[in-house]
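# Architecture at a glance
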Amino acid sequence: MLSEKSRPIIEATLPIIAERINDITPDFYKRMFAARPDLMDGMFSRSSQLEGTQPKALAGSIAVFASYIVEHPDSYPDEVLSRVAHKHASLGLKEEEYPTVYKYLFEAIAANLGELATQEIVDAWTEVYWLMGNALIKIEKGLYASQANDVMRAPFKVVAREETGENVVVYTFEPADETPMTAAKSGQYVSITVPARDGLRQARQFTLLPSEANQRRIGIKLDPAGEMTPILHELQVGDIVELSNPYGDLTLEGFGTPDAPLYLFSAGIGVTPMISFVKELVDAGSEREVVVVHADRRLDTVPLREELQALVAQLKNGKLVTFIENGEGTYEGFVDVAKLNVPANANAYLCGPLPFMQGVRSALVDAGLEGKNINYEIFGPDQWMLHDNAK
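Small disclaimer: the values here were computed from a predicted structure and weren't measured. (Residues numbered from 1 in each chain as written. Predicted model: local features only at pLDDT ≥ 70, side-chain atom pairs only at ≥ 80, totals over all residues. Heavy atoms only, no water.)

A few words on the packing of aromatic side chains. Both the distance between ring centres and the angle between the ring planes are used here to describe each pair of aromatic rings. Counting across every chain of the model gives 14 aromatic pairs. Ring centres of tyrosine 129 and tryptophan 130 lie 5.0 Å apart, and the angle between their planes is 90°; this geometry places the pair in the edge-to-face category. Taking relative accessible area as the criterion, tryptophan 130 reaches 25% and is therefore assigned partly exposed. When the ring of phenylalanine 323 is compared with that of tyrosine 331, the centres are 5.0 Å apart and the planes differ by 25°; the resulting orientation is stacked. Look at tyrosine 331 and you get partly exposed, because its relative accessible area is 27%. Pairwise contacts between aromatic rings join Phe28, Tyr29, Phe33 and Phe44 into one cluster. Directly above the ring of tyrosine 376 sits arginine 83, whose terminal nitrogen or CZ lies 4.8 Å from the centroid. (Phe/Tyr/Trp six-rings, centres within 6.5 Å; stacked < 30°, edge-to-face > 60°. Buried < 20%, exposed > 50% of the residue type's maximum accessible area, 1.4 Å probe, protein only. Lys NZ or Arg CZ within 6 Å of the ring centre and 35° of its normal.)

As summarised here, the arrangement of the six strands in space is β10-β9-β8-β7-β11-β12, forming an open sheet in which the pairing is parallel. Edge positions in the open sheet fall to β10 (331–332) and β12 (374–377), since each of these has one partner strand only. Note: strand β9 (residues 318–324) against β10, two bridges, orientation parallel. Across the sheet, residue isoleucine 324 finds its bridge partner in β10, namely glutamate 332. Against the sheet, helix α10 (residues 354–366) touches β7 (262–267), β8 (290–296), β11 (347–351) and β12, its axis set at about 165° to β11. (Pairing = 2+ DSSP bridges. Helix = DSSP H or I, 4+ residues; strand = E, 2+ residues; numbered from the N terminus. Contact = heavy atoms within 4.5 Å. Axes fitted to C-alpha atoms, helices over the stretch in contact; angles between N-to-C directions.)

Keep in mind these numbers describe shape, not what the thing actually does.
Right, dumping it as C-alpha cells:
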C-alpha cells in the first residue's frame, strides 16, 4: 500500500514522470548494460533494446503501476504484475537483480529530472519502485517454487523438425538430461536460448504446442530481418538448446465464465496458443460452444492448418471460421466481427499482430463484450497493458 506521505507526491509528479519515462528508460538500460554487460547474455533481448520495444514496455508497466496505486491505494494491478512476472521467470530473473535495476533506473531518473529530482520526490518514487518490485518478487518466487525442478534452463534435444505454413518451422524437443519436466498448461510458453552469430546467448519466447509426454513442441515464424529466428530455423534433429520451464498466464483457467461461448481469434503464427486451447478442450470432452476464427493471406500460409482443422472437428460444438485475403476461406478479406454474431456473454482470446488484435478487440467491445472478457497474448514485450483501455 502506498503511504499517505508519498501518495500526494506521486499524484503530483505522475504527469511529469509519465511524460518523460520513455526518455528515462532507454538511458536506464544504457547505464545498466555499460556496468553489467553480463545481463545481456541470456537475459535481455538485444533486438528489443535496438527496436525500443523493451524500454517502452518497462516505461508502460511503471506508469500503469503508479497510476493504479494512486487511484486504488488498497490494491495492485494484478494482471499487469502477473504478465511481467511470468516473463521475468521465463528468463530466470533473480531477486538479487532488483537492486541493480533500482540503482540504474534512479540514476537515469535523476539525470532526466535534474533539479526537479528532490529527495522528497526520489523517496516517493523509490517507494513505488519497491512496492512493484516486491510484489513481482513474491509472484516470481511462487512461480519458481511451482516448477518440478529448480533450474532456470535445461538442455533439450531436437527430435523432430516440420515445416508448415509460410516460413514456419515446428520443433519437437526431448530432455537431454535428467532434469524433471513441469507439465505445461495450454497457452503457456517457454524461453529458448541459443547463441547469436557473435556468440552472445539470446532468449526468445514461443508458445507451447500440444505434444506427447516428456516433450516440448513450438512453432517458430521466420523474421528474415530478425537476429534470432534465422538461427533458430537452422536447428536440425540432434541439436541441443536450452529451454526454460513453462510460464505464461494466458490459460483457460480462471478466465471468464467456463460455460460461456468461447471465441478464439488468431492471425498468422498467433494460431499456436489457439491450437493448444482446442486440444485441451478436446481432451476434456468439452461441450462448450467454441468458435475458432483465423485470419491469413492464403489457406496454405496457415500454420498447422490440418492439425487445427482436425482438432476443431473433434469438438462437439466447435466451428472453424477463416478470413482469407485471397478468398479461399469462409470469408474473403480481413476479420469482420459483425459477420460472426458474437454474443455479449462470450469470452474471447486474441493472438496475432498488434494491429489485428486492436482492431478485433475494438469490434468486440462495440458488439457488447466487456473488456474483462477479452484476453490477449503479445509475442514480445507487452506495450498494450490494460484491457479496459486497450482499444
